[in-house]
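# Fold and contact review
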Amino acid sequence: MRLLAPVAALLAVHGASAQLHQLAVAAGKMYFGSATDNGELNDAAYVRILTDPNEFGQTTPGNGQKWQYTQPSRGSFSYSSGDQIANFAKTNNMILRCHTLVWHSQLPSWVSSGSWTKEQLTSIIETHIANVAGHYRGQCYAWDVVNEALNEDGTFRTSVFYTVLGESFIPIAFKAAAAADPDAKLYYNDYNIENTGAKQAATLRIIGSIKQAGGRIDGVGMQAHLIVGSTPSQRNLEAAMNSYVAAGASEVTYTELDIRFSSLPPTAAGLRTQADDYATVTRACLAVDACIGITIWDFTDKYSWIPNTFPGQGAALLYDENFSKKPAWTAVSTVLAAAATGGPGPSTTLTTVTTTTTTGAPAPTCTAAKWGQCGGDGWTGCTIA
Ligand code: G3I
């Protein structure tokens with residue numbers, strides 16, 4: 001891990017108030033970042049925090065670069081939403097991760113409901129990527145080229161792309177992205193691939209198939225939409241990252257980290273568990289050189305996607321709805337600060353892990369597989385290991 005000379009001075013000056021991005025950089029990472037979205041940029045209190053260069057050094061548009069917005073009808077491209085975030089990143093010297101080119105969701109119906117031949121859909125993918133990645137050429141540190149292609153069991157998700165083209169849609173997309181923006185790092189991005197298992201093994205096969213087809217893939221983005229008390233162990237997180245590197249990814253990153261409560265409001269003990277979970281993910285990234293940084297999927301509970309998708313759940317981020325820092329913020333900054341000063345950081349939990357329900361009721365009987373619920377697929381209950 002690279003240590004910067006002024007770290008000790010930085011920590012001496014800032015002490016406990018040293019902030020996430022400056023600490024992450026001092027610990028040898030490229031960034032600590034937060035996604036954002038267009039509507040939120042009208043909130044002055046929100047923008048003040050997001051634009052603090054010590055706190056966040058990277059951003060990702062939560063929506064504006066998706067197909068639904070960039071090519072809502074065939075051949076008609078629109079970049080106003082994506083440009084607003086790209087320009088915001090530029091103005092504030094933030095690294096921009098671009099998201100996303102080929103995804104089954106937020107895909108206009110002219111694509112998803114069309115009846116295409118292989119040649120037609122290949123051309124549609126290539127044209128979309130040539131235009132969108134071409135438009136942002138030179139501005140994106142990385143592109144999430146293909147997003148969420150896998151089911152939980154490691155098979156391919158049904159989508160117009162897979163139905164018409166089979167697995168070949170993935171190398172087609174990566175080759176088109178490499179041509180459109182040769183300097184952008186090209187990522188496969190998905191949820192529930194933070195841990196080892198069927199979906200992680202399938203991700204390894206995706207890396208292999210892109211390379212075998214003569215394409216370029218640089219990184220794996222692990223979304224990391226996690227649940228308080230069910231975060232994978234540091235060891236498993238590291239094992240998954242190391243497997244991607246061994247398969248040929250030169251870098252990995254947490255692209256959409258949030259750790260949600262399945263029932264609200266959180267208890268004080270729950271907030272401590274959440275803090276421990278965030279610390280575990282941060283430590284795992286620090287332990288793997290190829291892990292270049294961490295992006296949280298927005299930084300405040302005020303603008304989290306979770307309550308819309310999972311009603312009754314949330315409180316998943318580092319700042320609460322009133323922009324107060326939560327125990328999880330302190331945990332992340334503590335772990336980063338320890339790494340920045342050359343220490344390994346606490347190797348066990350920062351706080352006592354106590355899992356309680358807000359009602360004190362016995363734990364419910366769970367039927368869903370432990371990692372099957374993230375990413376907005378409609379799961380509403382608890383999970384089994
Ligand atoms: O743009 C419309 C607006 O015109 C309308 O007035 C408003 C009314 O609800 O909806 C707006 O669209 C919403 C859009 O976000 C922009 O705010 C959609 O309803 C809403 O479904 C959409 O949610 C986004 C979600 O992806 C869609 O799947 C979330 O903001 C975004 O954070 C979330 O991000 C995804 C990543 O891209 C991929 N990984 C999972 C992650 C969480 O689901």
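Residues numbered from 1 in each chain as written. Predicted model: local features only at pLDDT ≥ 70, side-chain atom pairs only at ≥ 80, totals over all residues. Heavy atoms only, no water.

The name an unreviewed UniProt entry gives the protein is Beta-xylanase, with Monosporascus ibericus as the organism. On record in UniProt, under Catalytic activity (unreviewed entry), the comment for the protein is "Endohydrolysis of (1->4)-beta-D-xylosidic linkages in xylans." Database annotation for the protein, UniProt heading Pathway (unreviewed entry): "Glycan degradation; xylan degradation." (UniProt positions renumbered as here; feature names shortened; annotations may be inferred.)

### A word on empty space enclosed by the protein
Tallied over the entire structure, the rule returns three cavities of 30 Å³ or more. Taken as a whole, the largest cavity holds about 60 Å³ of empty space. Lining the largest cavity are V102, W103, H104, V146, N147, E148, A149, R157, S159, F161 and F169. Only β3 (95-103) and β4 (142-147) provide two or more residues apiece to the lining of the largest cavity. Size it by volume and the second largest cavity reaches roughly 50 Å³. Every residue lining the second largest cavity is listed: A24, K29, Y31, F32, T282, C285, L286, G293, I294 and L336. The greatest single-element share of the lining of the second largest cavity, amounting to three residues, is contributed by helix α12 (residues 268-287). Counted by class, the lining of the second largest cavity contains seven nonpolar, two polar and one charged residues. (1 Å grid on protein atoms, 1.4 Å probe; cavity = no way out; pocket = protein on both sides within 12 Å on 5 of 7 lines; lining within 4 Å. Points joined across faces, edges and corners; volume = space filled by probe spheres on them. Helix = DSSP H or I, 4+ residues; strand = E, 2+ residues; numbered from the N terminus. Nonpolar A, V, L, I, M, F, W, Y, C, P; charged D, E, K, R; others polar.)

### Here we look at the site of the ligand
Not every one of the 15 residues close to the ligand is listed here, only the nearest: N63, K66, H99, E256 and W297. Between the ligand and E148, the relevant distance is 2.9 Å, taken from a nitrogen atom to a side-chain nitrogen or oxygen of the residue. W297 has a polar side-chain atom sitting 2.9 Å from an oxygen atom of the ligand. With the chains in place, 51% of the 790 Å² that the ligand exposes on its own is no longer accessible. Split by residue class, the shell around the ligand holds four nonpolar, eight polar and three charged. (Near = heavy atom within 4 Å. Polar contact = N/O pair within 3.5 Å; in protein donor to acceptor, adjacent residues only side chain to side chain. Areas by Shrake-Rupley, 256 points an atom, 1.4 Å probe, with all protein chains shown as cover.)

### Focus: the packing of helix α7 (residues 118-135) against helix α9 (residues 169-180)
For the pair α7 and α9, the least separation of the axes is 9 Å and the interaxial angle reads 30°. The handedness of the crossing between α7 and α9 is right-handed. Only F169, I172, A173, A176, A177 and A180 of α9 make contact with α7, whose side of the interface consists of T122, I125, E126, I129, A130, A133 and G134. Taken together, the residues that form the contact of α7 with α9 break down as ten nonpolar, two polar and one charged. (Axes fitted to C-alpha atoms, helices over the stretch in contact; angles between N-to-C directions. Left-handed = near helix turned anticlockwise from the far one by under 90°. Contact = heavy atoms within 4.5 Å.)

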